[in-house]
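Listed below are the residues making up each chain.
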Amino acid sequence: MDRIPILRMGETLLVTIQVDMQDQTALTLQDDLAGQIAKTGASGVMIDISALEIVDSFVGRMLTSISGIARILSATTVVVGMQPAVAITLVELGLSLEGVRTALNVERGMELLQRAREESSLGH
């Protein structure tokens, strides 16, 4: 079974998905990410899907689920690098990725996470 590596960059966990995810790989990633957020106290999760050319409804729902779990654990999730064909497929499948923030690339994703951190620190 493939495991997708999770890298820590400061307060952010970075996941780069370079393979078309099988259902079990996606479930393992969800569990691994939840554990890493709880263990490290990360405030942000960035999921780079720029290498993904194909998604199905399961992977789309998993991205939404990962974002929801991260939110409950006080972390913001940003999905970056979505290919136009992937975006079209998700819409055609009726998946709007409710609650998932997106950015065109890693740089913009980091800016989104930084803004979310600043807004969070002002709120406390």
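- Going by the annotation in an unreviewed UniProt entry, the name recorded for the protein is STAS domain-containing protein, with Variovorax ginsengisoli given as the source organism.

**Quick notes on helix α1 (residues 23-40)**
Thought 1: The first and last C-alpha atoms of α1 sit 26 Å apart over 18 residues, in line with the 26 Å expected at 1.5 Å per residue.
Thought 2: Taken together, the buried positions of α1 are T25, A26, T28, L29, Q30, L33, I37 and T40.
Thought 3: Buried residues belonging to α1 abut β1 (6-9), β2 (12-16), β3 (44-48) and α2 (57-72).
Thought 4: Following α1 by one or two positions, G41 has its phi on the positive side, about 70°.

**So, the nonpolar core**
Across soluble globular proteins, nonpolar side chains show a tendency to be buried alongside one another.
Thought 1: Formed by 28 residues in total, the largest nonpolar core has its most connected members in I17, L29, L33 and I47.
Thought 2: Secondary-structure elements contributing two or more residues to this core are β2, α1, β3, α2 and α3 (84-92).
Thought 3: With six residues, α2 is the single largest residue contributor to this core.
Thought 4: Each residue touching L29, except ones within four places of it in the same chain, is listed here: I4, I6, V15, I17, M21 and I66.
Thought 5: L14, M46, A103 and L113 belong to the second-largest nonpolar core, a separate cluster that totals seven residues.

Rules used throughout
- Position labels on residues start from 1 in each chain and follow its written sequence.
- Local features are withheld for residues below a pLDDT of 70 in this predicted model, meaning they are given only at 70 or higher, and side-chain atom pairs are given and counted only at 80 or more; totals for whole chains, interfaces and linings count all residues.
- Excluded from the side-chain calculations are hydrogens and water; all other atoms, namely the structure's heavy atoms, are used.
- The secondary structure listing takes helices from DSSP runs of H or I that are at least 4 residues long and strands from runs of E that are at least 2 residues long, numbered from the N terminus.
- By this rule the span expected of a helix is its residue count minus one, scaled by 1.5 Å.
- Exposure categories follow from relative accessible area, calculated using a 1.4 Å probe and restricted to protein chains: below 20% of the type maximum is buried, above 50% is exposed, and the middle band is partly exposed.
- Here a residue-residue contact requires only that any non-hydrogen atoms of the pair lie within 4.5 Å.
- Within this scheme, the nonpolar core is defined by two criteria: the residues are buried Ala, Val, Leu, Ile, Met, Phe, Trp, Tyr or Cys, and they are joined through side-chain atoms within 4.5 Å.

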